[in-house]
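# Inside the fold
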Amino acid sequence: MSGTGLKILRAVGSHGATLALLGLMALVVAAGLAFEIEVADWIVPPVAGLLVNLVAGLVGQATLRAQPMLFAFHAMLGVLALLVGLDRLTALNGHVEVVEGAMFDPALAVVEAGPLHPYALDQVAFVQGGFEIRYLPGMKRRETVSLLRVPDGAGQWREARVGDDDPLIVGNYRFYTSFNKGFAPVITYTGTDGRSVTGAVHMPSYPLRDFDQGNAWRPPGWGPERAPVKLWLHLPEPVYDPNTAWTFRKPSNPVLIVIEGEARQELLPGQAAALAGGGQIRFDELRAWMGYTITANLFNAWMMAVAITACLALAVHLWGKFQSQPAGSPAGTGVRHAE
Amino acid sequence: MPSETILLDLAALLYLAAAGVAVIAAIAGKARDRTVLTLLAAALALHTGAIALRWLRLDHGPYVNLFEILSSNVWSLHLIALLASLGVRRLRGALVMTLPVLGVLVLWMMATPARDTAVPMTYQTIWLPVHMVLGKLFLGLVVMALGLCLVVVARRAFGWRLSHAPDCAEAEGLAHRVMLAAVVFQTLMLVAGAAWARDAWGRYWAWDPLESWAFLTWLAVLAYLHWRPRNQGATVLNAALVIGIYVIAFATFFGVPFVSLAPHKGAI
């Protein structure tokens, strides 16, 4: 390499550049805290800069190469940065609500995936069974146990228990129960042509939005020019007392309130009513829905292995330094660094 | 059987007594290392009893609310100070600075209501104790480095003699070595925290306030470790940098978890 090239390499890989880039990275993180900017996006330039600085340091700093464990630590940091980048390109994060008795429908999942994510959510199948959530006094949520039926690969279904920290793992995907859950009235709409369609309308999260248990619903065949029907869930008896321990349960006496313009009708389970806009609505029953967080990180195991290797390399390096330069010795106050 | 409260009160008194003896001995120009370390050991024994009783009663360790976190950190930081001082004799001279700093934590702990707690579900993973132990080792080493650097600043800025403490260059050099060890535990702490987050919430990093502060602390340590080798002569500045790292670490450990609603708080 020419003298000028070597100078540039050393400048790019210098401690000064490292410090400047670390400072820039700290600024981005601090800005994320102060202004709630998306740190994950803004941190890419300083990370890329540090990666270049690191590679230049590894190539251009002879004393760094002379200390194999310190070299390995820095090299592993570089590999870790690359793996994090790959992970971001291939990761998937999302959430979905699944009503009791229904199959997971990937079309209902709200997901955000990296451009290189190998999408396979449509190959995930499970049926939502019942679930139990315990609360302590003061509305402190404890265990969630959600029962699922999952294909066992041999043509049968097996039961799986899923919780907040105990995911259902299917391929690259992990499904965790979330704080999000609620009620879903199952209704059957019979159109003016006599055809019936049954479905569930998810009410807002419960008990988080206890006093907002309503949703708008447009019956099948109703165009956007027609105002949707408003459905409200009235729970005459309280489901819980915030001051005592309780378990999430469906109320025994739900009332579905159907509002069309000025018209208001109250339905108990099994009751039906005619809609002014045409057709008939029947309130079949009340079910619950469970919310899941979906994640996929393809490089987790690799990142963990590289991170631990990096730490071990640094520990071995420092141990060697401390052994050869005991505390209090003239050379023992510092670690010789690359020039 | 003595109650948790009595044991904790006695332990707090002994912690403060150790700090007091260290300070008075330094002012008098005398070494009272043995007395200080004996008081520390006694305080730790009583405090261990208090923590054990509470643990047995609540069926979980001290890591949920502010009182428990203060209590476990007061315990672990004093334990690290004791063990480090027994292992590296030159560190004993910095106890005159380390113990009063820890004394502030003791007073804070005693002023904090010892409310009973329940463990959030996301805390039930093997990664949590690993993460916490590594974090306490990191903070303990930072506190030791802080004591050494306060010795430097007290001498240079205020003209204190502190005749039994290491000289400024040695104190600052020791602090640097302690910080080198600290960064290993800090990095492992971040890795274990990411593994815990992955277990608990399905993601290994989300830039929540505590993660961001922990990352800032790590960047500060890395910056110091890259700065210091080329500026070994800048003793006071280097010491000030370590003090700055302690301030950031202190905010991360004792501030952020209790002012943010992020998952790290164990929000339920």
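Residues numbered from 1 in each chain as written. Chains lettered and ligands numbered in written order. Predicted model: local features only at pLDDT ≥ 70, side-chain atom pairs only at ≥ 80, totals over all residues. Heavy atoms only, no water.

### Quick look at the domain arrangement of chain A
Residues and elements named next belong to chain A. Domain boundaries in chain A define domain 1 (3-91 + 298-333) and domain 2 (97-295). Distance from the C-alpha centre of domain 1 to the C-alpha centre of domain 2: 47 Å. Counting residues at the interface gives five residues for domain 1 and eight residues for domain 2. (Domains from an automatic or database assignment. Contact = heavy atoms within 4.5 Å.)

### Quick word on helix H7 (residues 209-227) of chain B
All names here are of chain B. Compared with the 27 Å implied by 1.5 Å per residue over 19 residues, the 26 Å span of H7 between its first and last C-alpha is a close match. Within H7, 15 of the 19 residues are buried, which leaves it mostly tucked inside the rest of the structure. Two or three places before Leu210, at the opening of H7, Asp208 has a side-chain oxygen 2.9 Å from that residue's backbone nitrogen. (Helix = DSSP H or I, 4+ residues; strand = E, 2+ residues; numbered from the N terminus. Expected span 1.5 Å × (residues − 1). Buried < 20%, exposed > 50% of the residue type's maximum accessible area, 1.4 Å probe, protein only. Polar contact = N/O pair within 3.5 Å; in protein donor to acceptor, adjacent residues only side chain to side chain.)

### Structural notes on the domain arrangement of chain B
One frequent convention defines the size of an interface as the accessible area lost when the parts assemble. Residue and element names in this part refer to chain B. Entries for chain B in the domain assignment read domain 1 (1-115) and domain 2 (120-268). Once you take the C-alpha centre of each, domain 1 and domain 2 turn out to be 19 Å apart. Taken together, the contacts link 29 residues of domain 1 with 30 residues of domain 2. Both faces combined, the contact of domain 1 with domain 2 buries some 2,500 Å², and carbon together with sulfur accounts for 79% of it. Where domain 1 meets domain 2, there are one salt bridge. Here Glu170 and Arg90 are joined by a salt bridge, their closest N and O atoms 3.2 Å apart. (Buried area = accessible area lost by both parts, 1.4 Å probe. Salt bridge = Lys/Arg side-chain N within 4 Å of Asp/Glu carboxyl O.)

### Thoughts on the interface of chain B and chain A
Taken together, the 43 residues of chain B in the interface contact 50 residues of chain A. Carbon and sulfur atoms make up 67% of the surface buried where chain B meets chain A, a total of about 4,000 Å² over both sides. If you look at where chain B meets chain A, you find five residue pairs in polar contact (both at pLDDT 80 or more). Residue assignment for the side of chain B that touches chain A shows that the elements contributing at least two residues are helix H6 (168-201) and H7 of chain B. With 16 residues, the top contributor of residues to the side of chain B that touches chain A is H6(B). In terms of residue class, the side of chain B that touches chain A is built from 28 nonpolar, nine polar and six charged. (Nonpolar A, V, L, I, M, F, W, Y, C, P; charged D, E, K, R; others polar.)

### A few points about the packing of aromatic side chains
For the structure on display, the rule yields 23 aromatic pairs over all chains. Taking the centre distance of 6.1 Å and the plane angle of 70° together, the rings of Trp205(B) and Phe215(B) count as edge-to-face. One end of the pair, Trp205(B), is in the loop between H6 and H7; the other, Phe215(B), is in helix H7, with 10 residues separating them in the sequence. Accessibility expressed as a relative area gives 23% for Trp205(B), which makes it partly exposed. Taken together, the ring pairs in this structure connect Phe131(A), Tyr135(A), Phe183(A), Tyr206(A), Tyr240(A), Trp246(A) and Phe248(A) into an aromatic cluster. One cation-aromatic arrangement involves Arg226(A) over Trp222(A); the distance from NZ or CZ to the ring centre is 4.1 Å. (Phe/Tyr/Trp six-rings, centres within 6.5 Å; stacked < 30°, edge-to-face > 60°. Lys NZ or Arg CZ within 6 Å of the ring centre and 35° of its normal.)

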